[in-house]
Amino acid sequence: LAKTTQPISMDSYEGQEVNITCSHNNIATNDYITWYQQFPSQGPRFIIQGYKTKVTNEVASLFIPADRKSSTLSLPRVSLSDTAVYYCLVGESPSSASKIIFGSGTRLSIRP
Amino acid sequence: GAVVSQHPSRVICKSGTSVKIECRSLDFQATTMFWYRQFPKKSLMLMATSNEGSKATYEQGVEKDKFLINHASLTLSTLTVTSAHPEDSSFYICSARDHRRQSNTEAFFGQGTRLTVV
C-alpha cells in the first residue's frame, strides 16, 4: 500500500478556496486516490476519487498531475461546516478485499 | 447511496464485561467488512477484516481473542470486546463495500461506536 503524506493541519476562512495536497510517491499503476472527510465522533465520509487528471463533483475537485505522485483536494468557498479532518488514501479501489489504511490526515479549521 | 449502520452509537460498560457492536449494511451486501478503532485526535487504525462465512483476518498487534469478530451474513458483522478494560475505551468504526458495483467505488463507514469502560 502506498504511503501518503499530508500536512497535519491547515487554517482558512469562510468563503476561501482551500487546497490540501497529498504526496504519494510510491503509488502503483493500479492505485486510485480517494479522499475522505471525518467530523468528530462520526465515521469518515467519501468525498471524491480519481485516477488521473481532474475529477469534479458537487463537493470538491481533485487534481492529479501526470506522474500521479501527488494529488490536491480543492474545496471551493469553504464554510464553517467544512471544519473536519481530511484523509488522502491510495489503493486498489475496485477490489472488495482491499484494505483501507488511513494516514494521519489533515485537520482543517475554518474561521469566520 | 449505500448506508452502513452501527449499533449502539455509545456504550458504557464496567471493567471485565463484554460488549458487542453491530455493523449492518442496510441496502447492499458486503462480503467483506472492516473494523477500525480511533483514539482522540488520532487517525483510524485498522483492526481486522471481517469475511462472511470465514474467520476474520486481524492486523498485527490486535488480539483476536480480545476482539471477537463474527460475520454471519452478507449484511451483518459484529465486534465483541471481551473482558473490557479502561484502555479499550475508544471509538470503533466499521466499513463495508458494495460488491455489486463494478466501477470504482468508495467504502461506506458506519457512524461509529463510542465505548467507555469504567
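It should be emphasised that the depicted structure is a prediction, and the values quoted were computed from it without experimental measurement. (Residues numbered from 1 in each chain as written. Chains lettered and ligands numbered in written order. Predicted model: local features only at pLDDT ≥ 70, side-chain atom pairs only at ≥ 80, totals over all residues. Heavy atoms only, no water.)

**Regarding the environment of Asn26 of chain A**
Then comes step 1: As for its position among the elements, Asn26 of chain A is in the loop between strand 2 (18-23) and strand 3 (32-38).
Then comes step 2: Residue classification places Asn26 of chain A among the exposed positions, given a relative accessible area of 60%. (Helix = DSSP H or I, 4+ residues; strand = E, 2+ residues; numbered from the N terminus. Buried < 20%, exposed > 50% of the residue type's maximum accessible area, 1.4 Å probe, protein only.)

**Observations regarding the sheet that holds strand 7 (residues 70-75) of chain A**
Residue and element names in this part refer to chain A.
Then comes step 1: Spatially, the four strands line up as an open sheet ordered 2-7-6-5, and their pairing is antiparallel. Both outer strands of the open sheet, strand 2 and strand 5 (53-56), are each paired with one neighbouring strand and no more. The sheet shows a mean angle of 15° between the axes of neighbouring strands, taken without regard to direction.
Then comes step 2: Both strand 2 and strand 7 contribute to a ladder of six bridges, which runs antiparallel. Residue Asn19 lies in a different strand from strand 7, and its bridge partner there is Ser74. (Pairing = 2+ DSSP bridges. Axes fitted to C-alpha atoms, helices over the stretch in contact; angles between N-to-C directions.)

**Here we look at the confidence of the model for chain B**
Then comes step 1: For chain B, per-residue confidence averages 90 on the pLDDT scale, and residues scoring 70 or more make up 92% of the total.
Then comes step 2: When pLDDT is averaged over each element of chain B, strand 11 (residues 113-117) of chain B comes out on top at 98 and strand 10 (residues 108-109) of chain B at the bottom at 90. (pLDDT = per-residue confidence, 0-100.)

**Some details on the state of the cysteines**
As used here, a disulfide is simply a covalent bond connecting the sulfur atoms of two cysteines.
All names here are of chain B.
Then comes step 1: Applying the stated criterion across every chain, the model contains two disulfides over all chains.
Then comes step 2: With a sulfur-sulfur separation of 2.0 Å, Cys23 is cross-linked through a disulfide to Cys94. Looking along the S-S bond of the Cys23-Cys94 disulfide, the torsion reads about 80°, which is the right-handed sense. Of the two residues, Cys23 is situated in strand 3 (residues 19-25) and Cys94 in strand 9 (residues 90-96); the sequence distance between them amounts to 71 residues. Take Cys23 and Cys94: they sit in the same class, and that class is buried.
Then comes step 3: No disulfide involves Cys13; its sulfur sits 18 Å from that of Cys94, the nearest cysteine.
Then comes step 4: The exposure class of Cys13 is buried, given its relative accessible area of 9%. (Disulfide = S-S within 2.5 Å.)

**Points about the interface of chain A and chain B**
Then comes step 1: On the side of chain B, 23 residues touch chain A, which itself brings 24 residues to the contact.
Then comes step 2: Buried surface at the junction of chain A and chain B, summed over both partners, amounts to about 1800 Å²; 51% is from carbon and sulfur atoms.
Then comes step 3: Viewed at the interface, chain B and chain A are joined by zero salt bridges.
Then comes step 4: Our count for the chain A to chain B interface comes out at six residue pairs in polar contact (both at pLDDT 80 or more). (Contact = heavy atoms within 4.5 Å. Buried area = accessible area lost by both parts, 1.4 Å probe. Salt bridge = Lys/Arg side-chain N within 4 Å of Asp/Glu carboxyl O. Polar contact = N/O pair within 3.5 Å; in protein donor to acceptor, adjacent residues only side chain to side chain.)

**Examining the environment of Gln38 of chain B**
Then comes step 1: Secondary-structure assignment places Gln38 of chain B in strand 4 (residues 32-38).
Then comes step 2: Given a relative accessible area of 8%, Gln38 of chain B falls into the buried group.
Then comes step 3: Sequence separation between Gln38 of chain B and Lys64 of chain B is 26 residues, and the spatial gap between their C-alpha atoms is 18 Å.
Then comes step 4: Leaving out residues up to four positions away in the same chain, Gln38 of chain B has contacts with Gln38 and Tyr87 of chain A together with Ser43, Leu44, Ser90, Phe91 and Ile93 of chain B.

**Quick notes on the sheet that holds strand 1 (residues 4-7) of chain B**
Residue and element names in this part refer to chain B.
Then comes step 1: Spatial ordering of the open sheet is given by 1-3-8-7, a layout of four strands whose pairing is antiparallel. Strands with a single pairing partner mark the edges of an open sheet, and in this sheet they are strand 1 and strand 7 (67-73). Taken over all neighbouring pairs, the strand axes of this sheet differ in orientation by 15° on average, direction set aside.
Then comes step 2: Direction of pairing for strand 3 relative to strand 8 (residues 76-81): antiparallel, over a ladder of six bridges. Residue pairing for strand 8: Cys23 is matched across the bridge by Ser77.

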